[in-house]
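For reference, the chains in residue letters:
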Amino acid sequence: EKKEEKKEEKKKPERKSKYEVLIPIPMDKGSLVERAVEFYGLTDAFPKEQLFTSSATSNKVYFVSAAVKELLEADGKGQLHTVHAGVKVLEKNPTKGDIFDYRLRQEGVPFLKPYMTKRILKLGMPDFTTLIKRRAMLMSDLKTEGAEEKAREMGGGCILFVLEWDGEEVFLAGWRGTQQLTLFVSKFELQALGHKLIGHGEEKKEGEKEGEKEG
């Protein structure tokens, strides 16, 4: 009987809701938003009032459209539960020291990149493909002219690797450690991007060889 009583006393674990309540992030001096603006060099044109979070700890930051922003702000009591209301742009990445500890989310980069003036490292194809294949590399191994020096000047924290390729910009979110550069991109995304870049390069080489043979 005692065992049965103990079983009854045990509370069932609370189920995590599939819905989220998005709340605006304070804009006061020294706030998360202001620190993000400073760290990533976001211009005045960036609509920072469209940044929301789903918790008091602000572990994840979402970027919502202007229309969704108005809807969320009208929901003063937090009764509006959302499944998908925005794109995750920043996520807390605990670090030591005074490094800004919010990293870029790969899916949110297109919404921040146009306004970013800092934390961008342009790489050539050799370095970019090395990162895709290995997911990490030493700064001392960078082959792109001036890249190692710039990476060291940036200091620690999140970084955006950019490749100008075939008339467009390709980017990868990552982290600049003490000596190493690491990616924060899923294996699936890397495989797809690797196939696109590396596969295209191999096809181009084959085409050039065939052209030489015909000549």
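Every chain's residues receive numbers from 1 upward, in the order its sequence appears when written. Only residues with pLDDT of 70 or above have their local features reported here, since the model is predicted, and side-chain atom pairs are shown and tallied only from 80 upward, although totals for entire chains, interfaces and linings are computed over all residues. Excluded from the side-chain calculation are hydrogens and water; included are all heavy atoms of the structure.

A pocket here means an open set of points on a 1 Å grid, computed over the protein atoms alone, that has protein on both sides within 12 Å along at least five of seven lines. A cavity is instead a set of points where a 1.4 Å probe fits but cannot get out; residues with an atom within 4 Å of a point line either one. Grid points are joined across faces, edges and corners, and a volume is the space filled by probe spheres set on the points. Within this structure, the stated rule accounts for one cavity of 30 Å³ or more. If you add up the space inside the largest cavity, you get close to 40 Å³. As for the largest cavity, its lining consists of V33, A36, V37, L42, F46, L51, V89, L90 and L112. For helices the rule is a DSSP run of H or I covering at least 4 residues; for strands it is a run of E covering at least 2, with both sets numbered from the N terminus onward. With three residues, helix α2 (residues 32–40) is the largest single contributor of residues to the lining of the largest cavity.

The five strands lie next to each other as β6-β8-β9-β10-β7, forming an open sheet whose pairing is mixed. Since the sheet does not close on itself, it has two edges, and those belong to β6 (120–122) and β7 (136–138), each with one partner. Pairwise comparison of adjacent strand axes, ignoring direction, gives a mean angle of 35° for this sheet. Sheet strands touched by helix α5 (residues 125–134): β7, β8 (157–165), β9 (168–176) and β10 (180–183). Its angle to β8, the strand with the most contacts, is close to 125°. Between any two strands, at least two bridges found by DSSP are needed for them to pair. Axes, fitted as lines to C-alpha atoms, cover a helix only where it is in contact. Angles between the N-to-C directions of the axes lie from 0 to 180 degrees. The contact rule is simple, with two residues in contact once any of their heavy atoms fall within 4.5 Å.

A separate point is the nonpolar core. Throughout this description, the term nonpolar core refers to a set of buried Ala, Val, Leu, Ile, Met, Phe, Trp, Tyr and Cys residues connected via side-chain atoms within 4.5 Å. Whether a residue is buried, partly exposed or exposed follows from its accessible area with a 1.4 Å probe, protein chains only, as a fraction of its type maximum: under 20%, in between, or over 50%, in that order. Counting residues in each nonpolar core, the largest one holds 27 residues, and the members touching the most others are Y40, L51, V61, L90, L104 and M116. Secondary structure elements with two or more residues in this core: α2, β3 (60–63), β4 (87–92), β5 (102–104), α4 (109–112), β8 and β9. Tallying contributions element by element places α2 first for this core, with six residues. Those residues in contact with L51 that lie beyond four places of it in its chain are P24, I25, V33, F46, V61, Y62, F63 and V89. Counting residues in each nonpolar core, the second largest holds 23 residues, with M137, L142, A151 and L181 among its members.

Okay, the packing of aromatic side chains next. For Phe, Tyr and Trp, rings pair up if their centres lie within 6.5 Å, where Trp contributes its six-membered ring, and each pair is then called stacked (planes under 30 degrees apart), edge-to-face (over 60) or tilted (otherwise). This structure, assessed with the given rule, holds eight aromatic pairs. Measuring from centroid to centroid gives 4.9 Å for F39 and Y40, while their planes differ by 85°, and the two rings are edge-to-face. When its relative accessible area of 1% is taken as the criterion, Y40 is described as buried. Ring geometry for F39 against F100: centres 5.1 Å apart, planes inclined by 40°, an arrangement best described as tilted. Within this pair, whereas F39 is found in helix α2, its partner F100 is found in the loop between β4 and β5, the two being separated by 61 residues in sequence. There is no split in this pair, since F39 and F100 are both buried. Members of the aromatic cluster, joined through ring pairs, are F39, Y40, F100 and Y102. Working rule: Lys NZ or Arg CZ, within 6 Å of ring centre, within 35 degrees of ring normal, means a charge sits over the ring. The ring of F184 has R103 sitting right over it, with the charged end atom 4.4 Å from the ring centre.

Examined bridge by bridge, strand β2 (residues 51–53) and β3 share three bridges and lie antiparallel to one another. Considered in β3, the bridge of L51 is made with F63. Hairpin connection of β2 to β3: six residues between the antiparallel strands, including S58 at a positive phi of 55°. The pairing of β3 with β4 spans four bridges and is classified as antiparallel. Bridge pairing links K60 to E91 in β4.

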